[in-house]
Amino acid sequence: MLYPLKFEPILKSILWGGDEICKFKQIDPPRDGIGESWEISGVSGDISVVSNGNLKGKSLNELMDSYGEQLLGQPVMKRFGTTFPLLIKFIDAKQPLSVQVHPNDELAQKRHHSFGKTEMWYVVKADEGAFLYSGFCEEINAEKYMQSLQDDSFIRYLQKHNVKSGDVFFLPAGRVHAIGAGCFIAEIQQTSNITYRIYDYNRKDAQGNFRELHTEQAKEAIDYRLYSDYQLNYSPGAAEVQELIKCSYFTTRLIEGGEGKSIQLTHEDSFVIYICLQGKLQLTDSQRNAANLRQGETLLVPAANSRQIELNLEEESKLLETFVS
């Protein structure tokens, strides 16, 4: 029988990583230099493994093979097949990440036989003065793009956003972006590990080599259009449940409430993921299975168990809820 599932975090040591992930997730002993924690992953080579209950030790792929539609939901499985469609991460940028872009489904399929990568960021916390880049601040085309990389002026074309806790950014495939130093972010994205690195501040890796750039590949992937706004505007605390983003790949809602609050949620034939950003609570699914969730943990409720979900908050809490609609 399926029940709310937790997974072992997949911790990634990266040259720009810091010490926030272990503190946030209460991992002991703590490790420095962790840039990412992959919370739920179906990416080949980094498949999540269940950490709780009778299915402990089973991989996400094994669950997909055994439970299929019960895990994903019939319409989700019909669309995405046997690949789990979302990748959930925490990202800690002690140093700035490279400027990059991701291909859309069509280009990713043609080049890599993979999904593209549309994603979103929720800023969990940010140091004073922290910023990120998303989109362009002035007109640019493929020719200007190539020229700006040659004369080292590409950064000036990027839209800079000073950030604080609670800021949200939607990043459709093709949007140039970069996370700046001092940003701690929860990321929800398509299951894809395809990144085209455009600019990396002339940094060298642990072996003293410049990291590979993907200038030509990125050229065809970039959406060069200029948009009026790149940041999602909403009012934190305005409602217990607020829809932040609804796209063809995922719907994400922000859930907020005080100690003792009970929140009832309903869903239609999709798995549901809860990312706990603050506090502590107990979740009860539609089969009356209960699971505890605290800050830094991520929980997957299978589609067969998600029709009615009750959250009982034991502390003031904040969560991201994500599903496919």
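Right above here is the structure, for reference.
Model, not experiment: these values are computed from the prediction.

Caption draft 1: Geometry of the layout of surface pockets. In this structure, the largest pocket spans a volume of roughly 470 Å³. If you trace the largest pocket, you find 23 residues lining it, with Trp-16, Glu-36, Lys-89, Asn-193 and Thr-195 closest to the centre. For the lining of the largest pocket, the secondary-structure elements that each account for two or more residues are strand 1 (10-18), strand 2 (34-40), strand 5 (86-93), strand 7 (119-126) and strand 11 (177-179). Of the residues forming the lining of the largest pocket, the biggest block, 4 residues, is contributed by strand 1. When grouped by side-chain class, the residues that make up the lining of the largest pocket number 8 nonpolar, 7 polar and 8 charged.

Caption draft 2: Seen up close, the nonpolar core. Among the nonpolar cores identified, the biggest contains 43 residues, and Leu-5, Phe-84, Tyr-122, Phe-271, Leu-300 and Leu-320 are the most heavily contacted of them. The next biggest cluster of nonpolar side chains, apart from the first, holds 23 residues, and it includes Val-101, Leu-158, Ile-198 and Ile-222.

Caption draft 3: Molecular detail of the sheet that holds strand 17 (residues 262-266). If you walk across this open sheet you meet the 4 strands as 17-22-19-20, and the pairing is antiparallel. One side of each edge strand has no neighbouring strand; the edge strands of this open sheet are strand 17 and strand 20 (290-294). Pairs of neighbouring strands in the sheet enclose a mean axial angle of 25 degrees, with direction left out of account. Inspection of the sheet shows strand 19 (residues 280-284) paired to strand 22 (residues 308-313) by 4 bridges, in the antiparallel sense. Of the residues in strand 22, the one forming a bridge with Leu-283 is Leu-311.

Caption draft 4: The arrangement of the sheet that holds strand 7 in detail. Ordered by their spatial adjacency, 7 strands build an open sheet running 1-2-5-12-7-10-14, and the pairing between neighbours is antiparallel. Among the strands making up the open sheet, the edge pair consists of strand 1 and strand 14 (231-232). Note: strand 7 against strand 12 (residues 183-190), 7 bridges, orientation antiparallel. For Ala-126, the partnering residue across the bridge sits in strand 12 and is Cys-183.

Caption draft 5: Structural detail: the pairing of strand 19. Bridging between strand 19 and strand 20 involves 5 bridges; their strand directions are antiparallel. Bridge pairing links Lys-280 to Arg-294 in strand 20. Taking the residues that link successive antiparallel strands as the turn, the strand 19-strand 20 hairpin has 5 residues, and the phi of Arg-288 there is positive, at about 70 degrees.

Caption draft 6: Region of the structure containing the pattern of salt bridges. Applying the stated rule across the entire model yields 18 salt bridges. Residue Glu-39 is joined to Lys-25 by a salt bridge in which the shortest nitrogen-to-oxygen separation is 3.1 Å. Of this pair, Glu-39 sits in strand 2 while Lys-25 sits in helix 1 (residues 20-25), and the two are 14 residues apart along the sequence. A relative accessible area of 9% places Lys-25 in the buried class. Residue Glu-138 pairs with Arg-156 through a salt bridge whose shortest N-O separation is 3.2 Å. Here Arg-156 lies in the loop between helix 6 (142-150) and strand 9 (158-162) and Glu-138 lies in the loop between strand 8 (131-136) and helix 6, a separation of 18 residues in the sequence. Residue classification places Glu-138 among the partly exposed residues on the basis of a relative accessible area of 30%. Each of Asp-19, Glu-20, Lys-23 and Lys-125 takes part in a single network of salt bridges with overlapping partners.

Each value, and the rule that gives it
- Residues numbered from 1 in each chain as written.
- Predicted model: local features only at pLDDT ≥ 70, side-chain atom pairs only at ≥ 80, totals over all residues.
- Heavy atoms only, no water.
- 1 Å grid on protein atoms, 1.4 Å probe; cavity = no way out; pocket = protein on both sides within 12 Å on 5 of 7 lines; lining within 4 Å.
- Points joined across faces, edges and corners; volume = space filled by probe spheres on them.
- Helix = DSSP H or I, 4+ residues; strand = E, 2+ residues; numbered from the N terminus.
- Nonpolar A, V, L, I, M, F, W, Y, C, P; charged D, E, K, R; others polar.
- Core = buried A, V, L, I, M, F, W, Y, C linked by side-chain atoms within 4.5 Å.
- Buried < 20%, exposed > 50% of the residue type's maximum accessible area, 1.4 Å probe, protein only.
- Pairing = 2+ DSSP bridges.
- Axes fitted to C-alpha atoms, helices over the stretch in contact; angles between N-to-C directions.
- Salt bridge = Lys/Arg side-chain N within 4 Å of Asp/Glu carboxyl O.

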